[in-house]
Amino acid sequence: DEDVAEMGNNWPAMSDLTLCHAPHVKRDLGVDFSILSSFAKSFPNLQELRLFFGKEVLPFDGDLYPDHRFRMLKTLGVGLSPIPRSGTRDIGFLLASLCQSPPSVE
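In every chain, residue numbers begin from 1 and rise along the written sequence. Predicted model: local features are reported for residues with pLDDT of at least 70 only, side-chain atom pairs are reported and counted for 80 or more only, and whole-chain, interface and lining totals are derived from all residues. Hydrogens are left out, water is left out, and the side-chain values use all remaining heavy atoms of the structure.

A. Just the packing of aromatic side chains, in detail. A pair of aromatic rings is counted whenever rings of Phe, Tyr or Trp (Trp by its six-membered ring) have centres within 6.5 Å, and the orientation is called stacked for planes under 30 degrees apart, edge-to-face for over 60 and tilted otherwise. All chains considered together, the criterion is met by three aromatic pairs. Ring geometry for Phe33 and Phe53: centres 3.9 Å apart, planes at 5°, overall stacked. Of this pair, Phe33 sits in the loop between strand E1 (16-19) and helix H2 (36-42) while Phe53 sits in the loop between strand E2 (48-51) and strand E3 (75-77), placing them 20 residues apart in sequence. Of the two residues, Phe33 and Phe53, both sit in the buried class. Arranged with centres 6.0 Å apart and planes meeting at 25°, the rings of Phe39 and Phe43 form a pair that is stacked. Classification of Phe39 as buried rests on a relative accessible area of 2%. Only protein chains enter the accessibility calculation, which uses a 1.4 Å probe; a residue whose area is less than 20% of its type maximum is buried, one above 50% is exposed, and one in between is partly exposed. For Phe43, a relative accessible area of 0% translates into the label buried. A run of H or I in DSSP counts as a helix once it spans at least four residues, and a run of E counts as a strand once it spans at least two, with each numbered from the N terminus.

B. Fine view of helix H1 (residues 2-10). Restricting attention to buried positions, one finds in H1 the residues Val4, Met7 and Gly8. For H1, the angular spread of buried residues about the axis comes to 100°, placing them on one side. Opposite the packed face of H1, turned more than 90 degrees from it, sit the exposed residues Glu2, Asp3, Asn9 and Asn10. Of the surrounding secondary structure, the elements contacted by the buried residues of H1 are E1 and H2. In this context, the arc is that of the directions from the helix axis out to the C-beta atoms. For this analysis, residues touch if any pair of their heavy atoms sits within 4.5 Å.

C. A look at the nonpolar core. Ranked by size, the top nonpolar core spans 23 residues in total, and within it Leu36, Phe39, Leu46, Leu49 and Phe70 carry the most contacts. Looking at this core, the element that brings in the most residues is helix H3 (residues 88-98), giving four residues. If we ignore the near neighbours within four places in the chain, the residues touching Phe39 are Val4, Met7, Leu17, Leu19, Pro44, Leu46, Leu49, Leu51 and Phe70. Throughout, nonpolar core names a set of buried Ala, Val, Leu, Ile, Met, Phe, Trp, Tyr and Cys residues whose side chains join them through atoms within 4.5 Å.

Here you go:
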């Protein structure tokens, strides 16, 4: 979260960000989907965000109206992320709460 905030302070106008969304190694790596709220706070004007997510999905906390949202996110790239079927509902609620318009998920 601190790294995301620092990046946002240094590049506030960034509209496209890709961070290793398709790694070449098969290990338990990746960020948790909850980091999306940090990106929404630090980069509200992102149009495209591509990350590698881990296979753990935290339950949605129920906050449908968070303080910070993506204003213009059009694409969320998940690359080769091992998204478990059991977490898709929670991920959907999280995305709906953080995005003014639903992004495409690639």
